[in-house]
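# Breakdown of the fold
Residues per chain, in single letters:
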Amino acid sequence: MNGIIILQDPILGYGRWQVLGGGTFAPNTNIQITCPITSQSTGSARIKVKLLIYEGSVWITHGTKLKEYLSAEKTISPGASASFVFSHTTIEGTIDRRDVGVEVQYWNGSTWVDDGSNEWDDLYYVRPTEYDFEIGTPTVNQS
């Protein structure tokens, strides 16, 4: 089932978004993860995006980091959006859920500066192929 719900966190006491039923892929499947970024800056900005892929966890945080990617830089104007697309080969792990984190970095004229991040729980799943068959009733005809 796909959808989004708001969970009440019993420890931290606030609601958080939870993605339910992302896509399911077999291990070693090539997928693309697209990260849309919209600039709320007051001027043009040179930015890079870091994509982090983690095993999911039963806790409110992610599990083990499986992969990290850093994009090429793009320049975006105030109010403009840019999509950063990452190619990834799915990795089988000890748990099938995958959390995805995104960090934005901008160039301040002399160095790259981290400017916030976000993370999504259970954005997709990695499971071996599951086999199951339904056998219908045979038919018999005169040939």
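We now turn to the structure provided with this report. (Residues numbered from 1 in each chain as written. Predicted model: local features only at pLDDT ≥ 70, side-chain atom pairs only at ≥ 80, totals over all residues. Heavy atoms only, no water.)

## Section: the overall build of the protein
Where we set the bar: Secondary structure elements are defined from DSSP: runs of H or I of at least 4 residues count as helices, runs of E of at least 2 residues count as strands, and each element is numbered from the N terminus. Two residues form a contact once any of their heavy atoms are found within 4.5 Å. Note on areas: these come from Shrake-Rupley sampling with a 1.4 Å probe, and a residue is covered only by the protein chains present in the view.
Scanning the protein from terminus to terminus reveals zero helices and ten strands. Moving toward the C terminus, one meets the helices and strands of the protein in the order β-β-β-β-β-β-β-β-β-β. A sequence separation of at least 24 residues applies to 63% of the contacts in the protein between residues at least 6 apart. For the protein, the exposed area adds up to about 9700 Å²; of that, 51% sits on carbon and sulfur atoms.

## Some words on the packing of aromatic side chains
Stated formally: When the centres of two rings from Phe, Tyr and Trp lie within 6.5 Å, Trp using its six-membered ring, the rings pair. Their planes under 30 degrees apart give stacked, over 60 give edge-to-face, and anything left gives tilted. When a residue's accessible area, from a 1.4 Å probe over protein chains only, is under 20% of the maximum for its type it is buried; when over 50% it is exposed; and in between it is partly exposed.
Under the criterion given, the structure shown has three aromatic pairs. Judged by centre distance (6.3 Å) and plane angle (40 degrees), the rings of Y69 and F86 are tilted. In this pair, Y69 is assigned in strand 6 (residues 65–70) and F86 in strand 8 (residues 81–89), connecting sequence segments 17 residues apart. Judged on exposure class, the residue Y69 and its partner F86 are both buried.

## A few points about the side chain of H88
Which entries qualify depends on this criterion: Polar contact criterion, stated in full: a pair of N or O atoms within 3.5 Å, where within protein one must be able to donate a hydrogen and the other to accept it, and residues adjacent in sequence count only if both atoms are side-chain atoms.
Assignment of secondary structure puts H88 in strand 8. Polar side-chain contacts of H88 include one of 3.4 Å to the side chain of Y124.

All quantities given are derived from atomic positions and should not be read as evidence of function.
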